[in-house]
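# Observations on the three-dimensional arrangement
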Amino acid sequence: MGVHGVKAVFFDLDNTLVDTAAAGRRAIEEVRPLCVISALQSKHHYGEGEARLICDKVQAKLLKECHDPAKMCITDLRISHWEEAIQETIGGEANRNLAAECYFLWKTTRLQHLTLAEDTRGMLTELRKGVRLLLLTNGDKQTQREKIEACACQPYFDAIVVGGEQKEEKPAPSIFHYCCDLLGVQPAECVMVGDSLDTDIQGGLNAGLKATVWLNKAMTTPGDTSPVPHYVISSVLDLPAVLQKMEHKINAKLGTDHMASNNE
């Protein structure tokens with residue numbers, strides 16, 4: 001691997017290498033009682049039922065979130081989620097201070113739960129012996145850099161690219177080509193691995209990468225209009241087997257081409 005075939009692998013971060021969604025849910029669960037305590041210390045008094053509803057509303061807002069960094073920083077946006085959820089649940093005047101306290105409790109707790117699993121670390125270490133590795137993640141630059149720091153994944157990559165620091169994010173071809181330039185490789189020598197059909201897979205296809213690998217943990221069926229990945233895996237740990245398969249195909253083709261040229 002890395003001679004005739006793949007020279008670099010690009011990995012998505014959220015819900016590919018680290019389970020961001022699960023960390024967020026766990027943080028919501030842990031923040032809920034703290035949210036009640038915070039509220040009891042303020043002029044608002046509510047109990048577990050209201051706190052649960054507030055947290056559920058915040059979770060729903062996070063899932064539907066559409067962030068434009070040109071209009072608002074991610075911190076202000078997410079404090080607003082909590083502020084709106086509190087006001088929608090208990091009424092009265094907006095309480096920005098309580099919302100900010102709840103948000104920072106949630107954020108800190110989520111970062112604590114963002115971990116790069118030991119078996120994933122081992123896989124990256126082995127892969128890097130044969131190919132170059134790059135982390136390519138969309139999102140607000142501060143938020144993504146905090147996640148990267150929290151899961152301590154820097155030592156496993158030759159380069160890290162955050163979409164929020166670039167002119168365009170995935171699925172724009174430009175950010176993939178920028179990654180190729182960073183590693184000194186061609187798009188046709190690279191593989192993109194990620195959980196999002198719309199950004200990771202479509203982006204890899206747009207950029208003309210050698211292959212795209214869709215991490216589909218639930219093994220769901222994509223829609224008719226969804227981009228079609230070259231490979232589908234249910235665990236990121238299945239990636240080495242996919243790369244091995246690709247290498248065998250390349251070697252087999254080289255062998256066939258060599259035989260054909262000898263027969264001419």
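Presented here is an overview of the structure given in this document. The model shown is predicted, which means the values in this text are computed figures rather than measured ones. (Residues numbered from 1 in each chain as written. Predicted model: local features only at pLDDT ≥ 70, side-chain atom pairs only at ≥ 80, totals over all residues. Heavy atoms only, no water.)

### A short note on the packing of aromatic side chains
The full count for this structure, using the stated rule, is 3 aromatic pairs. Relative to Phe157, the ring of Phe11 lies with its centre 6.2 Å away and its plane at 70°, an arrangement referred to as edge-to-face. Of the two residues, Phe11 sits in strand β1 (residues 8-11) while Phe157 sits in the loop between α6 (141-151) and β3 (159-162), which places them 146 residues apart along the sequence. Pair check on accessibility: Phe11 and Phe157 agree, each one buried. Put simply, the rings of Tyr103, Phe104 and Trp106 pair up and form one aromatic cluster. (Phe/Tyr/Trp six-rings, centres within 6.5 Å; stacked < 30°, edge-to-face > 60°. Helix = DSSP H or I, 4+ residues; strand = E, 2+ residues; numbered from the N terminus. Buried < 20%, exposed > 50% of the residue type's maximum accessible area, 1.4 Å probe, protein only.)

### Description of the side chain of Thr16
Relative to the helices and strands, Thr16 is located in the loop between β1 and α1 (20-40). On the basis of relative accessible area, Thr16 is assigned to the buried category, the value being 3%. Not counting residues within four places of it along the chain, the set of residues in contact with Thr16 comprises Val193, Gly194, Asp195, Leu215 and Val236. (Contact = heavy atoms within 4.5 Å.)

### Considerations on α6
An α-helical segment advances 3.6 residues per turn. Residues three or four places apart therefore align on the same side. Along α6, the positions that sit buried rather than exposed are Thr143, Gln144, Lys147, Ile148 and Cys151. For α6, the buried positions fall inside an angular range of 135° around the axis, keeping them on one side. Where α6 begins, the capping side chain belongs to Asp140, and its oxygen is found 3.2 Å from the backbone nitrogen of Gln142. Just past α6, the residue Ala152 takes up positive phi, approximately 50°. (Arc of directions from axis to C-beta. Polar contact = N/O pair within 3.5 Å; in protein donor to acceptor, adjacent residues only side chain to side chain.)

### Here we look at the pattern of salt bridges
Enumeration according to the criterion identifies 15 salt bridges in this entry. The residue Glu83 makes a salt bridge to Arg96 at a minimum N-O spacing of 2.7 Å. With Glu83 in helix α3 (residues 74-90) and Arg96 in helix α4 (residues 96-113), this pair connects stretches of sequence that are 13 residues apart. Between Asp158 and Arg132 there is a salt bridge whose closest N-O contact spans 3.9 Å. Within this pair, whereas Asp158 is found in the loop between α6 and β3, its partner Arg132 is found in strand β2 (residues 132-137), the two being separated by 26 residues in sequence. With relative accessibility at 30%, the residue Asp158 sits in the partly exposed group. Of the residues examined, Arg132 reaches a relative accessible area of 35% and is grouped as partly exposed. (Salt bridge = Lys/Arg side-chain N within 4 Å of Asp/Glu carboxyl O.)

### Section: the nonpolar core
Of all hydrophobic cores here, the largest spans 35 residues; its most connected members are Val9, Phe11, Leu124, Leu135, Phe157, Val191 and Leu239. Looking at this core, the element that brings in the most residues is helix α9 (residues 239-263), giving 4 residues. Apart from the residues within four sequence positions on either side, Val191 is in contact with Val6, Ala8, Val9, Phe10, Leu209, Ala211, Val213, Leu243 and Met246. Listed in part, the 17 residues of the second largest apolar core include Leu62, Trp82, Ile86 and Ala99. (Core = buried A, V, L, I, M, F, W, Y, C linked by side-chain atoms within 4.5 Å.)

### Some details on the layout of surface pockets
The calculated volume of the largest pocket comes to roughly 1100 Å³. The wall of the largest pocket is formed by 37 residues, among which Asp14, Glu65, Arg78, Gln144 and Lys147 lie closest to the centre. Listed by contribution, the elements that provide at least two residues to the lining of the largest pocket are α1, α2 (48-63), α3, α4, α6 and α8 (197-206). Of the residues belonging to the lining of the largest pocket, the class tally is 7 nonpolar, 15 polar and 15 charged. (1 Å grid on protein atoms, 1.4 Å probe; cavity = no way out; pocket = protein on both sides within 12 Å on 5 of 7 lines; lining within 4 Å. Points joined across faces, edges and corners; volume = space filled by probe spheres on them. Nonpolar A, V, L, I, M, F, W, Y, C, P; charged D, E, K, R; others polar.)

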